[in-house]
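# Working through the structure, step by step
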Amino acid sequence: PWDAGWTWGPEWWQPAGRQAPSGTGYQQFTIFAKYLQELTDTFNMEYSLSYDTFRYMRRDFSNNYNRHDEDELFARALGRWTPNEHHSVALGAEVSLETFNSMGGGNFNAWQIGGFDWDKETWDTTTYSAMGEWQWNLTDQWTTFVGGRIDKNTYTDALCSPRAAVVYTPNERDTLKFMVTNSVRMQNAEESRLRYLNTGDNSDAEELENWEIRWERQHDENLWFAISGFNSKLDVIAWDNASVSTTNVGLQKTYGLEGEIIYRRNKWELGASHSYVKLKDFDLNEGVTTFLFSGGDLTNWSTHLTKVQAKYKISPKWSVNSSARIYWGFDGAEHYATTNNTIDSGFSHAYDASIFLNLGFEYRHSENTIMRLDGTNLLGWIDDKYNSRLKMHGLFNDYRSTAPSVIFSLRHLF
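## Considerations on the overall build of the protein chain
If you tally the helices and strands in the protein chain, you get two helices and 21 strands. Taking all 414 residues of the protein chain together, 33% fall into the buried category. Sequence-distant contacts in the protein chain: of pairs separated by 6 or more residues, those separated by 24 or more amount to 56%.

## What about the pattern of salt bridges?
One pass over the full model with this rule turns up 21 salt bridges. Residue aspartate 151 is joined to arginine 149 by a salt bridge in which the shortest nitrogen-to-oxygen separation is 2.8 Å. The partner of arginine 364 in a salt bridge is glutamate 362, and the shortest N-O contact between them spans 3.3 Å. Look at glutamate 362 and you get buried, because its relative accessible area is 11%. When salt bridges with common partners are traced through the structure, they connect Glu46, Arg76, Arg80, Glu94, Arg149 and Asp151 into a single cluster.

## Let's talk about the packing of aromatic side chains
Under the definition given, this model contains 13 aromatic pairs. A centroid spacing of 5.0 Å and a plane angle of 45° characterise the contact between tryptophan 318 and tyrosine 363, whose relative ring orientation is tilted. Of this pair, tryptophan 318 sits in strand β16 (residues 318-327) while tyrosine 363 sits in strand β17 (residues 354-364), and the two are 45 residues apart along the sequence. Directly above the aromatic system of tyrosine 386 lies the positively charged group of lysine 385, at a separation of 5.7 Å from the ring centroid. When the ring centre of phenylalanine 356 is taken as origin, the NZ or CZ atom of arginine 389, which lies over that ring, is 4.6 Å away.

## What to know about unusual backbone geometry
Trans is the common state for peptide bonds, and a negative phi is the common state for residues other than glycine. Positive phi, normally seen in glycine, also occurs at asparagine 266, with a value near 55°. Position of asparagine 266 relative to the elements: it lies in the loop between β11 (245-265) and β12 (268-284). A positive phi angle, near 55°, is found at asparagine 377, a position not held by glycine. You can see asparagine 377 is positioned in the loop between β18 (369-376) and β19 (388-393). Asparagine 377 gets classed as buried once you look at its relative accessible area, which sits at 10%.

## Quick word on helix α2 (residues 331-339)
Those residues of α2 that sit buried are Gly332, Ala333, Tyr336 and Ala337. What you see down the axis of α2 is that its buried residues fit within an arc of 130°, all on one side. Facing away from the buried side of α2, by more than 90 degrees, are the exposed residues Asp331, Thr338 and Thr339. Just downstream of α2, asparagine 341 is the residue with a positive phi angle, here 55°.

## Structural notes on the confidence of the model for the protein chain
When pLDDT is averaged across the protein chain, the result is 87; 87% of the residues are at 70 or more. Throughout residues 1-9 the model reports pLDDT below 50, and contacts reaching past four residues in sequence, or to other chains, amount to 14 contacts. Contacts of residues 105-119 to residues separated by more than four positions or lying in other chains number 32 contacts, the stretch itself having pLDDT below 50.

## Some details on the pairing of strand β8 (residues 174-186)
Two faces belong to every sheet, and in a regular strand the side chains alternate between them. Bridging between strand β7 (residues 159-168) and β8 involves six bridges; their strand directions are antiparallel. Looking at β8, one finds that valine 167 is bridged to lysine 177. Here β7 hands over to β8 after five residues, the two strands then running antiparallel side by side. Of the strand pairs in this sheet, β8 and strand β9 (residues 205-218) are connected by 13 bridges, and their pairing is antiparallel. Across the sheet, threonine 175 pairs through a bridge with glutamate 216, a residue of β9.

## Some remarks on the layout of surface pockets
Counted as a void, the second largest pocket has a volume near 430 Å³. For the lining of the second largest pocket, the secondary-structure elements that each account for two or more residues are β9, β10 (223-240) and β11. For the lining of the second largest pocket, a count of residues per class yields eight nonpolar, six polar and four charged.

## Observations concerning the environment of serine 348
Here serine 348 is to be found in the loop between α2 and β17. With relative accessibility at 29%, the residue serine 348 sits in the partly exposed group.

## Quick notes on the pairing of β18
The element β18 is extensively covered by neighbouring structure, given that six of its eight residues are classed as buried. Bridge analysis of β17 against β18 gives six bridges, and the strand direction is antiparallel. When the sheet's bridge partners are listed, glycine 360 is paired in β18 with aspartate 374. If you look at the hairpin formed by β17 and β18, you'll find four residues sitting between the two strands.

## Quick notes on a nonpolar patch on the surface
A contiguous nonpolar patch, built from Ile314, Trp318, Leu359, Phe361, Met371, Leu373, Trp381, Val406, Phe408 and Leu410 and spanning about 1,000 Å² of accessible area, is present on the exposed surface. Of all elements in the fold, only β17, β18 and β21 (405-412) reach the threshold of two or more residues within the nonpolar patch. Ranked by the residues each element gives to the nonpolar patch, the list is headed by β21, at three residues. Among the structural elements, isoleucine 314 can be located in the loop between β15 (304-313) and β16. Relative accessible area serves as the criterion here: at 43%, isoleucine 314 is assigned to the partly exposed category.

The rules behind the values
Residues numbered from 1 in each chain as written. Predicted model: local features only at pLDDT ≥ 70, side-chain atom pairs only at ≥ 80, totals over all residues. Heavy atoms only, no water. Helix = DSSP H or I, 4+ residues; strand = E, 2+ residues; numbered from the N terminus. Buried < 20%, exposed > 50% of the residue type's maximum accessible area, 1.4 Å probe, protein only. Contact = heavy atoms within 4.5 Å. Salt bridge = Lys/Arg side-chain N within 4 Å of Asp/Glu carboxyl O. Phe/Tyr/Trp six-rings, centres within 6.5 Å; stacked < 30°, edge-to-face > 60°. Lys NZ or Arg CZ within 6 Å of the ring centre and 35° of its normal. Arc of directions from axis to C-beta. pLDDT = per-residue confidence, 0-100. Pairing = 2+ DSSP bridges. 1 Å grid on protein atoms, 1.4 Å probe; cavity = no way out; pocket = protein on both sides within 12 Å on 5 of 7 lines; lining within 4 Å. Points joined across faces, edges and corners; volume = space filled by probe spheres on them. Nonpolar A, V, L, I, M, F, W, Y, C, P; charged D, E, K, R; others polar. Patch = residues over 30% accessible without salt bridge, like charges linked within 9 Å, V, L, I, M, F, W, Y side chains within 5 Å. Areas by Shrake-Rupley, 256 points an atom, 1.4 Å probe, with all protein chains shown as cover.

So, in structure tokens, the structure goes:
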């Protein structure tokens, strides 16, 4: 029955302080087990089993409630065979059983025939996967890797993801790597099911082709560094305003560079990396609109990204570590908003740098028992703009601030 207290839009007759509060919340539980079976000196089997449940609830300013539930049961078996020093083979299989359920009403949910139904049906998918890799050590200096995986979901065709690499080590300090991958990712579950129900067809996939060359050097016992360059093509799955759906919108071409450095000495370990990613071209599919690029830059990714890590061993049992990710700004998003005249005067936090700072303490009671206390996104307690995550929708840009959190974890190996 219709609830007279339910409203479609904001209660404009109420003062701002009495508007329905909005917010989101979620809970997640995961249990994971792994067993390694040593069958012979050259062959072993690894078994994994996990269960994951996720609950999400959102209440918007119009007092509408939206809930989404996901449950997954996952199993994997992986065999490794090393018959001699020149060859190593790994073969495995996976199965994932997922169940979905959503509840909601108002602006953000589909209406059912004859009115809206607060409880949508529960539905499920099954994904079968097979994977393998062959490592061939031709000589002391040359090694090749060939592998890949195949995935088949309820609402997709078979998805093949091959990869290959050649590694050259001319001396004890230097390593050159040449890598090529073709990775295929399935459409999200809701869109895949909706397309199948409407057309009877399986969903298209997102395909990434990536070529990379990388040089690594162990300069001495303390210093290690690396530099890599890549060129990629991505058949993007994203939101299309024209069809009001998530679909393949076009071919995105990018290139980039990344440098890394690690320094270890006594009780200290310091590391840093910096990456540069540049949009080369974006070939839109016919009739498609997208917000993914503007002014020659990606709108949803920072051209420059820096990561730093530090770890200090206080004692044999106690250690402290910290890390930070710095996104140096979103020029593409700012250009898009400027072009469409959607920037509020004096508001630029959505396009400024974002800094996510983490700090953790570890107590190693024994080799089998480890306890940790971690704080994430800590700068949010100083100013929420530091934890800003760019959000783009329609013709406006803004951001959401990631909440700081405290995490306690206990790990015990039997």
